[in-house]
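Examination of the molecular architecture
Each chain is listed here by its residues.
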Amino acid sequence: MTPLLDDVRASADWIASALDSSGYQADFSPGSLRDVERFMTEHSNSGAAVEGGLLAAGLGARLFGVGCYVGETIRLSLGGAWEADDADPAGELDVRLRLASG
């Protein structure tokens, strides 16, 4: 596995733990995506972090983690594989999930 792909699962697990400790369901079930939406609604406004909210610090890492969590939840439910290019200097911006259906 490439380092970026290692980061995907580690970030998904990290944010799941953080969400869970903050009172959001984060068990990688499809239903938990409702709590991810609630988290985003409560801690952002019009695309910006709410002052004093859980996205106010460490925004990049937290958004990467949320994206990895959502993708990993979908992958576990529908099948598929993560793809990344470690040679790309901005590779973390282009990590993608290819579903089993293509």
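What comes next is a walk through the structure. What you see is a predicted model; the values in this text were computed from it and never measured.

Describing the environment of Asp 27
Considering the arrangement of structural elements, one finds Asp 27 in the loop between helix H1 (3-21) and helix H2 (33-43). Not counting chain neighbours up to four residues away, the residues in contact with Asp 27 comprise Ser 32 and Tyr 69. Polar side-chain contacts of Asp 27 include one of 3.0 Å to the side chain of Gln 25. A distance of 2.6 Å separates a polar atom in the side chain of Asp 27 from a polar atom in the side chain of Ser 29.

Remarks on helix H3 (residues 59-78)
In a regular helix each residue adds 1.5 Å, so 20 residues correspond to 28 Å; H3 covers 28 Å between its end C-alpha atoms and thus fits that length. For H3, the elements touching its buried residues are H1, H2, strand S3 (80-83) and strand S4 (96-99). Immediately beyond the C-terminal end of H3, within one or two residues, lies Gly 79, with a positive phi of roughly 85°.

Cut-off values and rules
- Residues numbered from 1 in each chain as written.
- Predicted model: local features only at pLDDT ≥ 70, side-chain atom pairs only at ≥ 80, totals over all residues.
- Heavy atoms only, no water.
- Helix = DSSP H or I, 4+ residues; strand = E, 2+ residues; numbered from the N terminus.
- Contact = heavy atoms within 4.5 Å.
- Polar contact = N/O pair within 3.5 Å; in protein donor to acceptor, adjacent residues only side chain to side chain.
- Expected span 1.5 Å × (residues − 1).

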